[in-house]
Amino acid sequence: MSDTYFQPVSGFDLPRFAGVATFMRLPHVALTEDRINEVDIGLIGVPWDSGTTNRSGPRHGPRQLRDMSTMIRAQNGASGVRPFELVNCADLGDVPPNPADIMETMERITSFYSIVKSAGIRPLTAGGDHLTSLPVLRALAKDGPLSMIHFDSHTDLFDTYFGGTRYTHGTPFRRAVEEGLLDPKKIVQIGIRGTTYDNEDRDFADAVGIRVIAIEEFHARGVSDVLEEAREIVGQTNTYVSYDIDFVDPTFAPGTGTPEIGGPNSYQAIQVVRELTGVQIVGADLVEVSPPFDQSGGTAYLGASIMFELLCVMAAETLK
């Protein structure tokens with residue numbers, strides 16, 4: 001059982017609407033604190049959306065996700081997993097961005113996550129837009145390329161935007177493959193759909209061996225069959241899981257910058273994560289929650305619930 005210090009505050013001890021909001025009511029442990037080396041899984045906010053090319057707002061995601069995550073309780077209702085008793089979890093705070101400088105912010109993110117990695121902590125990130133994943137991967141893949149399971153309605157494999165801009169939320173995984181952070185033959189992208197500019201991203205995927213599962217195939221085959229293939233692709237390698245909230249149909253998750261119709265429902269949104277059992281997850285993120293487009297907090301609550309499901313899988317795998 002984990003240290004009681006790392007247990008979330010119970011709703012029976014302090015009402016969920018009271019107190020300072022942290023991820024899932026966990027203790028806040030800064031990177032400079034002595035107890036940082038006791039943390040197994042660290043929940044981290046990256047309040048930054050300078051890679052957004054249309055509807056901005058994900059910079060506000062971590063704050064709303066923290067607030068809505070106070071509804072999360074100690075036990076997974078489906079699996080029975082009690083993650084906070086299996087591993088020491090803590091809210092490590094936010095990476096401080098420079099909202100006026102993309103390159104400097106990416107350096108700040110990589111520096112922050114390099115400290116997290118050196119402390120032996122597996123990060124669970126709340127973005128921020130999807131460019132966030134690139135500087136995180138630069139820190140986590142220092143020992144060699146990672147595999148990746150990616151839930152999204154977009155591949156994020158484009159080369160440039162606006163005649164040469166290489167760093168946007170539509171390019172992170174193109175850069176990650178080019179930089180040797182990800183093994184393209186061990187990448188699977190699930191849920192891809194929507195209108196497109198052209199086939200550039202899909203052509204790149206085909207050229208380097210990335211498996212793209214479009215939404216039509218996802219719906220035709222079903223969650224279990226698709227995720228069985230995903231597990232086979234990554235095998236027992238160190239794997240990063242990246243989850244864009246726009247993977248989910250906008251009926252259930254309208255609070256995002258680039259919604260695409262025809263996606264999974266909210267139950268399928270958590271079901272795909274439950275099917276990750278056995279995957280060696282070294283880090284994960286939930287990105288693109290944009291509070292201005294869903295001020296009710298419903299999208300953020302779904303996002304926080306997805307983070308909890310990811311946490312449960314990561315915590316359970318620690319015991320193996």
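Refer to the preceding data block for the structure.
About the thresholds
Residues numbered from 1 in each chain as written. Predicted model: local features only at pLDDT ≥ 70, side-chain atom pairs only at ≥ 80, totals over all residues. Heavy atoms only, no water. Pairing = 2+ DSSP bridges. Helix = DSSP H or I, 4+ residues; strand = E, 2+ residues; numbered from the N terminus. Axes fitted to C-alpha atoms, helices over the stretch in contact; angles between N-to-C directions. 1 Å grid on protein atoms, 1.4 Å probe; cavity = no way out; pocket = protein on both sides within 12 Å on 5 of 7 lines; lining within 4 Å. Points joined across faces, edges and corners; volume = space filled by probe spheres on them. Nonpolar A, V, L, I, M, F, W, Y, C, P; charged D, E, K, R; others polar. Parallel < 35°, antiparallel > 145°, perpendicular 65-115°, else oblique. Left-handed = near helix turned anticlockwise from the far one by under 90°. Contact = heavy atoms within 4.5 Å.

(A) Main features of the sheet that holds strand E3 (residues 122-127). As summarised here, the arrangement of the eight strands in space is E2-E1-E3-E8-E7-E4-E5-E6, forming an open sheet in which the pairing is parallel. Every interior strand has two partners, whereas the edge strands, strand E2 (89-94) and strand E6 (211-214), have only one. Going from strand to strand, the sheet's axes swing by 15° on average, the running direction of each strand aside.

(B) How the structure looks around the layout of surface pockets. Within this model, the largest pocket holds a volume of roughly 580 Å³. Taken together, 31 residues form the lining of the largest pocket, with His 154, Tyr 161, Tyr 197, Thr 258 and Glu 260 sitting closest to its centre. For the lining of the largest pocket, a count of residues per class yields seven nonpolar, 14 polar and 10 charged.

(C) Inspection of the packing of helix H3 (residues 102-118) against helix H4 (residues 133-140) at higher detail. Running from amino to carboxyl end, H3 crosses H4 at an angle of 40°, the nearest separation of the two axes being 8 Å. Taken as axis vectors, H3 and H4 run oblique relative to one another. Viewed along their axes, H3 and H4 form a crossing whose handedness is right-handed. The residues of H4 that touch H3, namely those facing Met 106, Ile 109, Thr 110, Tyr 113, Ser 114 and Lys 117, are Leu 134, Pro 135, Val 136, Arg 138, Ala 139 and Leu 140. Among the residues making up the contact of H3 with H4, the classes are represented as eight nonpolar, two polar and two charged.

The analysis is restricted to geometry; functional conclusions fall outside its scope.
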